[in-house]
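# Reading the structure
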Amino acid sequence: MLTVALPKGALLTDSIRLLRAVGLDFSAFLDSSNRQLQIQDPTGTAKALLVRAQDVPVYVEYGQAQLGVVGYDVLREKNPKVANLADLKFGRCRLSVAVRESSPYRRPVELPAHGRVASKFVHCAREYFHSLDLPVEIVPLYGSVELGPITGMSEAIVDLVSTGRTLRENGLIEIAVLFESTAQLIAHPLSYRLNTDGIGDVILQLRAATLAAV
């Protein structure tokens with residue numbers, strides 16, 4: 001049976017909408033009274049796992065799911081051994097460098113050498129500042145990253161930005177964009193090559209449904 005790993009949070013509703021367009025209904029996950037983390041499609045042809053977004057590529061890489069939906073930001077941060085098959089065109093956001101509005105820094109290269117940058121995207125942040133040849137200390141934070149500059153613990157943050165409202169409400173501004181991120185369709189490489197559980201047909205249908213929705 002085909003298994004799909006779906007991300008909790010912002011990408012879930014659009015992921016379920018896309019899968020329904022190809023005949024796979026996992027909308028029970030959207031019922032607030034439902035506490036199940038694994039459900040089967042009513043047709044009995046597939047099941048879905050509801051996991052943290054950061055865990056989607058892990059379930060796919062280790063073969064517990066043949067397909068998954070995950071943000072490009074997670075793929076860049078984790079660099080998992082999965083096949084990235086399609087840009088699903090929803091969940092658009094960007095990974096950005098931000099500082100306090102009152103900060104004298106308006107470009108990342110102006111940040112002080114060996115200064116602190118707070119982020120949950122430790123790998124991406126480190127890679128970015130290495131490309132600038134600017135040595136900084138990356139401070140791992142997994143909650144409200146915006147508090148880093150507000151409290152003075154860090155000069156800047158690297159975080160996902162969608163509308164920018166959270167930054168504005170906390171007195172922060174973007175000074176650079178590392179990359180844009182959208183939802184991606186990923187697959188277990190061996191399952192994809194062997195067309196396990198008819199995965200190839202589902203992928204073709206999902207690609208077609210994505211193009212039709214654009």
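Now for a description of the structure that goes with this document. Quick caveat, the model's predicted, so the values are computed rather than measured.

## Topic: the pattern of salt bridges
In total, this model carries 10 salt bridges according to the counting rule given. Across the salt bridge formed by Arg17 and Asp14, the nearest N and O atoms sit 3.4 Å from each other. Taken as a pair, Arg17 and Asp14 lie in helix α1 (residues 12-21) at a separation of three residues, close to a single helical turn. Of the residues examined, Arg17 reaches a relative accessible area of 40% and is grouped as partly exposed. With a relative accessible area of 28%, Asp14 lands in the partly exposed category. Residue Glu127 is joined to Arg76 by a salt bridge in which the shortest nitrogen-to-oxygen separation is 3.4 Å. With a gap of 51 residues between them, Glu127 in helix α4 (residues 122-131) and Arg76 in helix α3 (residues 72-78) connect regions that are remote in the sequence.

## As for the nonpolar core
Leu6, Phe26, Phe29, Leu67, Leu88 and Leu206 are the most contacted members of the largest nonpolar core, which totals 31 residues. Counting residues per element, the ones that place at least two in this core are β1 (2-7), α1, β3 (46-51), β4 (67-71), β5 (83-87), β11 (183-187) and α8 (199-213). In this structure Phe26 touches Leu6, Ile16, Leu19, Ile39, Gln40, Asp41, Ala46, Lys47 and Ala48, once residues within four positions along its chain are discounted.

## What about the pairing of β1?
For β1, the tally of buried residues reaches six of six residues, placing the bulk of the element in the interior. When β1 meets β3, the two strands line up parallel, connected through six bridges. Pairing of Leu2 across the sheet is with Ala46, part of β3. In the sheet, β1 pairs with β4 via two bridges, with the strands oriented parallel. Directly across from Ala5, in β4, lies its bridge partner Gly68.

## Things to note about the side chain of Asn34
In this structure, Asn34 sits in the loop between α1 and β2 (38-40). With residues near it in sequence (within four places) discarded, Asn34 still touches Ala28, Phe29 and Ile39.

## Focus: empty space enclosed by the protein
In this structure the tally under the stated criterion is one cavity of 30 Å³ or more. By volume, the largest cavity is sized at about 40 Å³. Lining the largest cavity, in full, are Val4, Leu18, Leu19, Val69, Leu88, Leu185 and Leu206.

## Notes on the packing of aromatic side chains
Evaluation of the coordinates by the stated rule reveals two aromatic pairs. Between the aromatic rings of Tyr128 and Phe129, the centroid separation amounts to 5.2 Å while the plane-to-plane angle is 80 degrees, which identifies the pairing as edge-to-face.

## What about the sheet that holds β11?
The strand order across the open sheet built from six strands is β2-β3-β1-β4-β11-β5, with neighbouring strands paired in mixed fashion. Looking at the sheet topology across the chains shown, the edges are occupied by β2 and β5. Neighbour-to-neighbour, the strand axes of this sheet turn through a mean angle of 25 degrees, independent of strand direction. Where β4 and β11 come together, five bridges link them in antiparallel fashion. The residue bridging Val69 from the neighbouring strand is Leu185, located in β11.

## Description of a nonpolar patch on the surface
Together, Val58, Tyr59 and Tyr62 line one region of the surface with nonpolar side chains, adding up to about 300 Å² of accessible area. As for its position among the elements, Val58 is in helix α2 (residues 56-61).

## Side note on the layout of surface pockets
In this structure, the largest pocket spans a volume of roughly 810 Å³. Tallying contributions element by element places α3 first for the lining of the largest pocket, with four residues. Here the residues of the lining of the largest pocket sort into 12 nonpolar, 10 polar and 10 charged.

## A closer look at the packing of α1 against α8
Orientation of α1 relative to α8, taken along the N-to-C sense of each, is 110 degrees, at an axis distance of 9 Å. Looking at the two axes, α1 sits roughly perpendicular to α8. Here α1 runs over α8; the crossing is right-handed. For the pair formed by α1 and α8, the contact residues are Leu18, Leu19 and Ala21 on the first element and Leu206, Ala209 and Thr210 on the second. Partitioned by chemical class, the residues of the contact of α1 with α8 number five nonpolar, one polar and no charged.

The rules behind the values
- Residues numbered from 1 in each chain as written.
- Predicted model: local features only at pLDDT ≥ 70, side-chain atom pairs only at ≥ 80, totals over all residues.
- Heavy atoms only, no water.
- Salt bridge = Lys/Arg side-chain N within 4 Å of Asp/Glu carboxyl O.
- Helix = DSSP H or I, 4+ residues; strand = E, 2+ residues; numbered from the N terminus.
- Buried < 20%, exposed > 50% of the residue type's maximum accessible area, 1.4 Å probe, protein only.
- Core = buried A, V, L, I, M, F, W, Y, C linked by side-chain atoms within 4.5 Å.
- Contact = heavy atoms within 4.5 Å.
- Pairing = 2+ DSSP bridges.
- 1 Å grid on protein atoms, 1.4 Å probe; cavity = no way out; pocket = protein on both sides within 12 Å on 5 of 7 lines; lining within 4 Å.
- Points joined across faces, edges and corners; volume = space filled by probe spheres on them.
- Phe/Tyr/Trp six-rings, centres within 6.5 Å; stacked < 30°, edge-to-face > 60°.
- Axes fitted to C-alpha atoms, helices over the stretch in contact; angles between N-to-C directions.
- Patch = residues over 30% accessible without salt bridge, like charges linked within 9 Å, V, L, I, M, F, W, Y side chains within 5 Å.
- Areas by Shrake-Rupley, 256 points an atom, 1.4 Å probe, with all protein chains shown as cover.
- Nonpolar A, V, L, I, M, F, W, Y, C, P; charged D, E, K, R; others polar.
- Parallel < 35°, antiparallel > 145°, perpendicular 65-115°, else oblique.
- Left-handed = near helix turned anticlockwise from the far one by under 90°.

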